[in-house]
Amino acid sequence: MSNITHHIPEPMLAAYAAGTLPPVFETVVATHVSMCAACRAGMQAHEIAGGAVLEAGDGADLSDALKSDVLALLDGPAPEDRPAPKRKGIYPGPVMAALKNREPRWKSLGMGVRQSILMDGPDGSLRLLHIPPGRAVPDHGHNGIEMTLVLQGSFADETGTFGVGDLEVADEELEHTPVAGEGLPCICLAATDAPLRFRTLMPRLLQPLFRI
Amino acid sequence: MTVDMTRDEAAARTQRPVRFVKREKRTVTDGQEISDQTVWMLAVRDARDKAAFARLFDFYGPRLKGFVMRGGMDAALAEEIVQDVMLTVWHKAAQFDPERAQVSGWIYQITRNRQIDTIRRTGRAMPEELKHEDEHEPDAGQVLAMEQEAGKLKQALGRLKPDQRAMIEKAYLGDLTHQEIREQTGLPLGTIKSRIRLGLERLRHELKELREP
């Protein structure tokens, strides 16, 4: 865990604390924070800053009955809690939550590469990717931001090497070809806010089929 | 426990939890530099003190309502949020950890969770929780240091130019997207981060001891 060298960019951490990240990116940030003490500290620092803003702002008068209503409810039953999913194997709690506590359902993308789609909608997509050692993810660019978090194994691309817990944030400028490292297959959590576009003809034709 | 006690009685009662802080570790005189809000919150957490909760409500209730209304919410819905958030503060008090959080930051986070839950069906993606065991003894020095850092942050916020301050308020209100928060916020978060990390390291150490007795 202490070997993590690629972290969440500061503005994204601030956006997570403020609750403005789309769910697909929010899940990646929550997963990285589950693995990384440095980013957890950063997230909590932003919460403290949010609290300072809350505390410094002007108040608004409350209705007369609100306080007595709330005090009267203290002895009542605690509201039901959404139980926080726990880590299972290599999948941290937020990934298990996105998986609805089930095993990933892998679908082949060819060449031994597999994916399991966790979320897919107008706000982006979130998937698990399974890449055999030494194998490349098809060359691709993207229209928006892509976040890739390593859960097992490693990958390397034009920008560096990424091991367990490392997070790569790529924007539309980066056309990269991640290649899985030797050893265990590389399993990553990948989020994009726009469909990936593959540069070779075949995968582009297959794109609607695989929803990638 | 009744809520209609006199101010002095309430003060005496809410002072009590300060003493849970281990004296021998650092020199802590009663109440020194620990904010009222933290003292009240610890009284709620450790003694289920309703008078202290009433004080937290008086302090945060109006601020919370103003905060969510600045985010564009109408008054009736804002009061619903205030009610839910303050009840969560009461019911989840055990999760408050003064070594890593400030009451206002903890309440801020609960508020954002509550607001996101109203917008989305699936709720907010949350990191795994790190849990203290019951017999955890807080480190007074760490709690004081966190208070001091948070105090410096508040001063820094107060010193910003009005337009900068408005920008930061917008960011934490959730009115800016992550693309819009490109620049560093300009707030000195570095020392707070290292303080929180100390708290986390301590926690990790404790958890390790629990696992390997």
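Placed above this text is the structure.
Here the structure is a predicted model, which is why all the values come from computation and not from measurement.

Focus on the overall build of chain A
Then comes step 1: Of regular secondary structure, chain A possesses 6 helices and 11 strands.
Then comes step 2: Burial statistics for chain A: of 212 residues in total, 53% are counted as buried.
Then comes step 3: Partitioning the contacts of chain A with sequence separation of at least 6, the portion at a separation of at least 24 is 65%.
Then comes step 4: Accessible surface, chain A: about 9400 Å² in total, of which carbon and sulfur atoms supply 55%.

Observations regarding the packing of aromatic side chains
Then comes step 1: The final tally for this structure, using the stated rule, is 6 aromatic pairs over all chains.
Then comes step 2: Between Phe155(A) and Phe162(A), the aromatic rings sit 4.9 Å apart at their centres with planes inclined by 20 degrees, giving stacked as the arrangement. When sorted by exposure, Phe155(A) lands in the same class as Phe162(A), which is buried.
Then comes step 3: Ring centres of Phe67(B) and Tyr108(B) lie 5.9 Å apart, and the angle between their planes is 75 degrees; on these two criteria the pair is classed as edge-to-face. One end of the pair, Phe67(B), is in helix α3 (residues 50-70); the other, Tyr108(B), is in helix α5 (residues 103-119), and 41 residues separate them in sequence.
Then comes step 4: Assessed through its relative accessible area of 0%, Tyr108(B) is described here as buried.
Then comes step 5: Grouping aromatic residues by their ring pairs yields a cluster made of Phe67(B), Tyr108(B) and Tyr172(B).

Quick notes on the sheet that holds strand β7 (residues 160-162) of chain A
Residue and element names in this part refer to chain A.
Then comes step 1: Read from one edge to the other, the open sheet built from 3 strands follows the order β7-β6-β9, with strand pairing classed as antiparallel. The open sheet terminates on both sides in strands that have one partner only, identified here as β7 and β9 (179-180).
Then comes step 2: Note: strand β6 (residues 155-157) against β9, 2 bridges, orientation antiparallel. Its bridge partner being in β9, Ala 156 is matched across the sheet by Val 179.

Structural notes on the pairing of strand β10 (residues 186-192) of chain A
Residues and elements named next belong to chain A.
Then comes step 1: Extensive coverage of β10 is indicated by the burial of 7 of its 7 residues.
Then comes step 2: What you see with β10 is no split at all: Cys 186, Cys 188, Ala 190 and Thr 192 on one side and Ile 187, Leu 189 and Ala 191 on the other are buried throughout.
Then comes step 3: Strand direction decides the pairing type here: strand β3 (residues 124-131) and β10, joined by 7 bridges, are antiparallel. By the bridge assignment for β10, Ile 131 is matched with Cys 186.
Then comes step 4: Relative to β10, strand β5 (residues 146-152) runs antiparallel, the two sharing 6 bridges. Pairing of Met 147 across the sheet is with Ala 191, part of β10.

Topic: the pairing of strand β1 (residues 107-110) of chain A
On any regular strand, side chains alternate: one points to one face of the sheet, the next to the other face.
All names here are of chain A.
Then comes step 1: Sheet topology note: the β1/strand β2 (residues 113-121) ladder contains 3 bridges and is antiparallel. Looking across to β2, one finds that Lys 107 is bridged to Gln 115.
Then comes step 2: Hairpin remark: β1 followed by β2, antiparallel, with 2 residues in the connecting loop; positive phi at Met 111, about 55 degrees.

Some points on α5(B)
Then comes step 1: Between its terminal C-alpha atoms α5(B) stretches 25 Å, which fits the 24 Å expected from 17 residues at 1.5 Å a residue.
Then comes step 2: Burial within α5(B) is extensive, with 14 of its 17 residues counted as buried.

Thoughts on the environment of Gly134(A)
Residues and elements named next belong to chain A.
Then comes step 1: Counting through the fold element by element, Gly 134 comes out in the loop between β3 and β4 (140-142).
Then comes step 2: Considered as a pair, Gly 134 and Ile 48 are 86 residues apart in the sequence and their alpha carbons are 43 Å apart.
Then comes step 3: Setting aside residues no more than four positions away along its own chain, Gly 134 makes contact with Val 179, Ala 180, Gly 181 and Glu 182.

Some words on the state of the cysteines
Residue and element names in this part refer to chain A.
Then comes step 1: Applying the stated rule across the entire model yields 0 disulfides over all chains.
Then comes step 2: Of all cysteine sulfurs, the one in Cys 188 lies closest to Cys 186, which takes part in no disulfide; the gap is 3.7 Å.
Then comes step 3: Cys 186 gets classed as buried once you look at its relative accessible area, which sits at 0%.
Then comes step 4: Judged by its relative accessible area of 2%, Cys 188 is buried.

Focus: the interface of chain B and chain A
Then comes step 1: Each partner contributes residues to the interface: chain B has 70 residues there, and chain A has 64 residues.
Then comes step 2: The interface formed by chain B and chain A includes 5 salt bridges.
Then comes step 3: Linking chain B with chain A are 24 residue pairs in polar contact (both at pLDDT 80 or more).
Then comes step 4: Contributions of two or more residues to the side of chain B that touches chain A are made by α3, α4 (75-91), α5, α6 (140-159), α7 (162-173) and α8 (190-211) of chain B.
Then comes step 5: By residue class, the composition of the side of chain B that touches chain A is 36 nonpolar, 14 polar and 20 charged.

Quick look at the nonpolar core
Then comes step 1: Met41(B), Phe53(B), Leu56(B), Met86(B) and Leu187(B) are the most contacted members of the largest nonpolar core, which has 57 residues in total.
Then comes step 2: Among the elements that make up this core, the one with the highest residue count is α3(B) (10 residues).
Then comes step 3: Ignoring sequence-local partners within four residues, the contact set of Phe53(B) consists of Val70(A), Leu71(A), Leu74(A), Val44(B), Met86(B), Val89(B) and Trp90(B).
Then comes step 4: Grouped together as the second largest cluster of nonpolar side chains are 38 residues, Val24(A), Leu118(A), Ile145(A) and Ala191(A) included.

Quick word on the pattern of salt bridges
Then comes step 1: Tallying each qualifying case throughout the model produces 11 salt bridges over all chains.
Then comes step 2: Of the charged contacts, one joins Lys193(B) and Glu10(A) as a salt bridge, the two residues approaching to 2.9 Å between their closest N and O atoms. Of the two residues, Lys193(B) sits in helix α8 while Glu10(A) sits in helix α1 (residues 10-18), which places them in two different chains.
Then comes step 3: Its salt-bridge partner being Arg100(B), residue Asp97(B) comes within 3.3 Å of it at the nearest N-O pair.
Then comes step 4: Classification of Arg100(B) by relative accessible area gives buried; the value is 8%.

What counts and what doesn't
Residues numbered from 1 in each chain as written. Chains lettered and ligands numbered in written order. Predicted model: local features only at pLDDT ≥ 70, side-chain atom pairs only at ≥ 80, totals over all residues. Heavy atoms only, no water. Helix = DSSP H or I, 4+ residues; strand = E, 2+ residues; numbered from the N terminus. Buried < 20%, exposed > 50% of the residue type's maximum accessible area, 1.4 Å probe, protein only. Contact = heavy atoms within 4.5 Å. Areas by Shrake-Rupley, 256 points an atom, 1.4 Å probe, with all protein chains shown as cover. Phe/Tyr/Trp six-rings, centres within 6.5 Å; stacked < 30°, edge-to-face > 60°. Pairing = 2+ DSSP bridges. Expected span 1.5 Å × (residues − 1). Disulfide = S-S within 2.5 Å. Salt bridge = Lys/Arg side-chain N within 4 Å of Asp/Glu carboxyl O. Polar contact = N/O pair within 3.5 Å; in protein donor to acceptor, adjacent residues only side chain to side chain. Nonpolar A, V, L, I, M, F, W, Y, C, P; charged D, E, K, R; others polar. Core = buried A, V, L, I, M, F, W, Y, C linked by side-chain atoms within 4.5 Å.

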